[in-house]
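Per-entry structural report
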Amino acid sequence: SLFSVVKNQLSIVPVGVKESHQTTIFRIIAAILHLGNLEIQGERDGEACSVSSEDEHLNNFCGLLGVEHSQMQHWLCHRK
């Protein structure tokens, strides 16, 4: 599989990425992919937004990065 090829290539010198670092890299990439799949709902003619607390991608993102769910839900829709 493509995943196996990438994982093997990361282990080859001169890159030589340790397996523990590979796991972290893959976790971050997976979280970013989930973040890109979030469904952000526009409200009040586009002046506000919300993210459902039931969104599986939000749940996966928070779980992968150890981010508090309610805080991430808030900061995705608020600048301050």
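Given the structure is predicted, the values throughout are model-derived calculations rather than measurements. (Residues numbered from 1 in each chain as written. Predicted model: local features only at pLDDT ≥ 70, side-chain atom pairs only at ≥ 80, totals over all residues. Heavy atoms only, no water.)

1. Observations concerning the overall build of the protein chain
Regarding its fold elements, the protein chain presents four helices and two strands. Across the protein chain, helices and strands are ordered from the amino to the carboxyl terminus as α-α-β-β-α-α. Taking 12 Å as the expected radius of gyration for a compact globule of 80 residues, we find that the protein chain reaches 17 Å, considerably beyond that expectation. Dimensions of the protein chain, computed from the C-alpha atoms along their principal axes, are close to 55 × 25 × 20 Å. Within the protein chain, the proportion of its 80 residues that are buried is 15%. Sequence separation of at least 24 residues holds for 27% of the intrachain contacts in the protein chain that already meet a minimum separation of 6. The centroid of the 6 positive side-chain charges in the protein chain is displaced by 14 Å from the centroid of its 9 negative side-chain charges. (Helix = DSSP H or I, 4+ residues; strand = E, 2+ residues; numbered from the N terminus. Rg over C-alpha atoms; globule rule 2.2 N^0.38 Å. Buried < 20%, exposed > 50% of the residue type's maximum accessible area, 1.4 Å probe, protein only. Contact = heavy atoms within 4.5 Å. Lys, Arg positive; Asp, Glu negative; His and termini not counted. Charge placed at Lys NZ, Arg CZ, Asp CG, Glu CD.)

2. A closer look at the environment of V67
Position of V67 among the secondary structure elements: in the loop between α3 (56-65) and α4 (69-75). The partly exposed category is assigned to V67, whose relative accessible area is 30%. Between the C-alpha atom of V67 and that of Q41, which follows or precedes it by 26 residues, the distance is 21 Å.

3. Examining the packing of aromatic side chains
Summed over the entire model, instances satisfying the criterion amount to one aromatic pair. Aromatic side chains F3 and F26 sit 4.9 Å apart centroid to centroid with 55° between the ring planes, which places their arrangement in the tilted category. You can see F3 sitting in helix α1 (residues 2-11) and its partner F26 sitting in helix α2 (residues 19-36), a full 23 residues away along the chain. (Phe/Tyr/Trp six-rings, centres within 6.5 Å; stacked < 30°, edge-to-face > 60°.)

4. Some points on the packing of α1 against α2
Think of two packed helices as two axes; the pair is described by the angle between the axes and how far apart they sit. Here α1 crosses α2 at 135°, and the two axes come no closer than 10 Å. Compared by their axis directions, α1 and α2 come out oblique. Judged by the sense of rotation from one axis to the other, the crossing of α1 with α2 is right-handed. For the pair α1 and α2, contact is made by F3, V6, K7, L10 and S11 and by E19, Q22 and F26, respectively. Among the residues making up the contact of α1 with α2, the classes are represented as four nonpolar, two polar and two charged. (Axes fitted to C-alpha atoms, helices over the stretch in contact; angles between N-to-C directions. Parallel < 35°, antiparallel > 145°, perpendicular 65-115°, else oblique. Left-handed = near helix turned anticlockwise from the far one by under 90°. Nonpolar A, V, L, I, M, F, W, Y, C, P; charged D, E, K, R; others polar.)

5. Focus on a nonpolar patch on the surface
Judged by side-chain polarity, I28, I32, L65 and V67 come together as a nonpolar surface patch covering roughly 310 Å² of accessible area. Among the structural elements, I32 can be located in helix α2. Assessed through its relative accessible area of 54%, I32 is described here as exposed. (Patch = residues over 30% accessible without salt bridge, like charges linked within 9 Å, V, L, I, M, F, W, Y side chains within 5 Å. Areas by Shrake-Rupley, 256 points an atom, 1.4 Å probe, with all protein chains shown as cover. Salt bridge = Lys/Arg side-chain N within 4 Å of Asp/Glu carboxyl O.)

6. A word on the confidence of the model for the protein chain
Taken as a whole, the protein chain shows an average pLDDT of 85; of its residues, 94% reach a score of 70 or greater. When pLDDT is averaged over each helix and strand of the protein chain, the minimum, 78, is found for α1 and the maximum, 95, for α3. (pLDDT = per-residue confidence, 0-100.)

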